[in-house]
Amino acid sequence: MSTKKDKFSIKDKLYMELALDLAKSREGHTGSNPSVGCVIVKEDKIISIGQTSFDGRPHAEYNAIKNCYENIQGSKMYVTLEPCCHHGKTSPCTSAIIKSKISEVIYSVNDVDRRVSGKSKKILSSKKIIVKTGLLKEKIKQFYNSYFYNRKYKLPFVTGKIAISKNNLIYSKGNKRITNYLSDNFTHLLRYKNDSIMVSYKTLNKDNSKLNCRLKNLKNSSPKRIILDNKLNLNTQSYLFKTIKKNNTIVFYNEANKSKFNEFKKNKIKLIKSKLSKDKKFDIKIIFKKLYDLGARNILIEGGNELTTYLVKKRLFNKFYLFKSRKILSKLVEYKEFTALRDLKKNYKNRLNLKSNFSKDAITLYKNKNV
């Protein structure tokens, strides 16, 4: 069997980079489907682009073909992921490609979906369409890490984040901000790129967190709020409680009196009863599985020390961002120290210091071995 690699030009790489940018811009907003980017080129001119629609359908290839107002026959398609070839809620992208008489398709990586993997190339080739694969393969495989993880383990991809001071505090009474506004903007970008955000009720009650994305023009793309609240002790006067809408908030609980339960239900909160482990904590793995079944694919956890430490020790983060400022916070008042630093460095040996314009803040990305 031939293992000959396809060859690509500099222009091919530029078009695929654009397709990847299109995929990245929709990351976290395509439901259970992967975010895909597509570029259609004819005679060295881009004649259409497409990306996976919000909530996952229609697919990028279909959108690019539909959005093309020029003669598409004989054109070349660049797409980040292998086009689908199975009948689901929509017809196969391979059918749309064949019908449009596109002459060449370049896709970067095979889909891991068994209904698709490796089959599309055979289908397209049988219709005399030139098919090439592997362009920007490593870079695009990295982008699809979360999707591949979803498919393999039937679990959401979990990202953690916490901010600490130079002396490793996450809280000091009277100090509202640890990191600068550039780091805060990065946090909001993480919220945009994840479909769900999880915290404990303790963090919410202490900080009155909004848990939304506040970047310009992206405020309507805030993640679903997931709250861990054993006895439904969430402050009903909090910002989060007052901004509940249908389907935007899930609370996992274990026990609650009838009046509390009814009050939460009345406010359109989805309540899910969940078992506790022997140490009287939620079994987070069970919760992750339930959230996956409900459609969550990328979860950002902005927990306090207790929740974050528990997840770090259990190695349940796929990746974790540690924000560290140069501020030294006071220990002369009520304070809280981040106690998981040693376990973080021990359990997540694959780490990268992010180099960007974060002013005096330092951000370190820790990755699990499965990323």
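Refer to the structure above for everything that follows.
Residues numbered from 1 in each chain as written. Predicted model: local features only at pLDDT ≥ 70, side-chain atom pairs only at ≥ 80, totals over all residues. Heavy atoms only, no water.

Student: Tell me about the sheet that holds strand 3 (residues 76-81), and name the residues and values.
Tutor: Where strands meet in a sheet, backbone hydrogen bonds hold them as pairs that are either parallel or antiparallel. Overall, mixed pairing links the five strands, which are arranged 2-1-3-4-5 in an open sheet. One side of each edge strand has no neighbouring strand; the edge strands of this open sheet are strand 2 (45-51) and strand 5 (130-133). Going from strand to strand, the sheet's axes swing by 15° on average, the running direction of each strand aside. Sheet topology places strand 1 (residues 37-42) next to strand 3; four bridges connect them, and they run antiparallel. Paired with isoleucine 40 across the two strands is methionine 77, which belongs to strand 3. (Pairing = 2+ DSSP bridges. Helix = DSSP H or I, 4+ residues; strand = E, 2+ residues; numbered from the N terminus. Axes fitted to C-alpha atoms, helices over the stretch in contact; angles between N-to-C directions.)

Student: Can you explain helix 6 (residues 145-153)? Please cite residues and give values.
Tutor: What sets the pattern is the α-helix's 3.6 residues per turn: residues three or four places apart point alike. For helix 6, the full list of buried residues reads Asn145, Ser146, Tyr147, Phe148, Tyr149 and Asn150. On its buried face, helix 6 is in contact with strand 3, strand 4 (104-109), helix 5 (137-143), strand 6 (157-164), helix 11 (284-293) and strand 12 (298-301). (Buried < 20%, exposed > 50% of the residue type's maximum accessible area, 1.4 Å probe, protein only. Contact = heavy atoms within 4.5 Å.)

Student: Account for the sheet that holds strand 6, naming residues and giving values.
Tutor: Strand order in the open sheet made by the nine strands is 11-10-9-8-12-6-13-16-15, with mixed pairing throughout. If you trace the sheet from one side to the other, it starts and ends with strand 11 (270-273) and strand 15 (350-354), each paired once. Each neighbouring strand pair of the sheet contributes to a mean axis angle of 20°, computed without reference to strand direction. Two elements, strand 6 and strand 12, share four bridges in a ladder whose sense is parallel. From the neighbouring strand, valine 158 faces strand 12, where its bridge partner is isoleucine 299.

Student: Please give an account of unusual backbone geometry that cites residues and values.
Tutor: If a residue is not glycine, its phi is most likely negative; likewise, a peptide bond is most likely trans. At the junction of arginine 57 and proline 58, the peptide bond is cis and its omega measures out at -5° in the coordinates. Mapped onto the fold, proline 58 is located in the loop between strand 2 and helix 2 (60-66). The phi dihedral of aspartate 44 is positive, around 60°, even though this residue is not glycine. The backbone phi angle of aspartate 55 is positive, close to 75°, even though this residue is not glycine. As for its placement among the helices and strands, aspartate 55 is situated in the loop between strand 2 and helix 2.

Student: Describe the packing of aromatic side chains, naming the residues involved and giving the relevant values.
Tutor: Scanning all chains against the criterion turns up twelve aromatic pairs. Taking 4.7 Å as the distance between ring centres and 40° as the angle between the ring planes, the aromatic pair formed by tyrosine 149 and tyrosine 153 counts as tilted. A residue pair is termed a helical-turn pair when its members lie 3 or 4 positions apart in one helix, as tyrosine 149 and tyrosine 153 do in helix 6 at four residues. Looking at tyrosine 153, the relative accessible area reads 39%, which means it is partly exposed. Pairing phenylalanine 186 with phenylalanine 323 gives two aromatic rings, centres 5.9 Å apart and planes at 45°, and the pair type is tilted. Pair noted here: phenylalanine 186 is in helix 7 (residues 181-192) and phenylalanine 323 is in strand 13 (residues 319-324), with a separation of 137 residues, a long-range link. (Phe/Tyr/Trp six-rings, centres within 6.5 Å; stacked < 30°, edge-to-face > 60°.)

Student: Break down the side chain of threonine 179 for me, citing the residues and quoting the values.
Tutor: Locating threonine 179 in the fold gives a position in the loop between strand 7 (169-172) and helix 7. Polar contacts involving the side chain of threonine 179 include one to the side chain of aspartate 184, which spans 3.2 Å. Excluding its chain neighbours within four sequence positions, the residues that come into contact with threonine 179 are Ala163, Asp184, Phe323, Ser325 and Asp361. (Polar contact = N/O pair within 3.5 Å; in protein donor to acceptor, adjacent residues only side chain to side chain.)

Student: Break down the layout of surface pockets for me, citing the residues and quoting the values.
Tutor: As a volume, the largest pocket reaches approximately 1700 Å³. In terms of lining, the largest pocket is formed by 49 residues, of which the most central are Thr203, Asp207, Ser209, Glu302 and Gly303. Mapped onto the lining of the largest pocket, the elements with two or more residues apiece are strand 6, strand 7, helix 7, strand 8 (196-200), helix 8 (201-207), helix 12 (305-313) and strand 14 (335-337). Ranked by residue count, the leading element in the lining of the largest pocket is helix 8, at five residues. (1 Å grid on protein atoms, 1.4 Å probe; cavity = no way out; pocket = protein on both sides within 12 Å on 5 of 7 lines; lining within 4 Å. Points joined across faces, edges and corners; volume = space filled by probe spheres on them.)

Student: If you had to explain helix 7 to someone new, which residues and values would you point to?
Tutor: The end-to-end C-alpha distance of helix 7, which contains twelve residues, comes to 16 Å, matching closely the 16 Å that a straight helix rising 1.5 Å per residue would cover. For helix 7, the set of buried residues is Leu182, Ser183, Phe186, Thr187, His188, Leu190, Arg191 and Tyr192. The distance from a side-chain oxygen at the start of helix 7 to the backbone nitrogen of leucine 182 is 2.9 Å, and the residue carrying that oxygen is asparagine 180. (Expected span 1.5 Å × (residues − 1).)

Student: So, the pairing of strand 16 (residues 362-367): which residues are in play, and what are the values?
Tutor: Within strand 16, five of the six residues are buried, leaving the element largely enclosed by the surrounding structure. By the bridge criterion, six bridges tie strand 13 to strand 16 in an arrangement that is antiparallel. Across the sheet, the residue bridging to lysine 319 is lysine 367, located in strand 16. Pairing geometry for strand 15 and strand 16, over five bridges, is antiparallel. Bridging across to strand 16, arginine 351 finds its partner in tyrosine 366.

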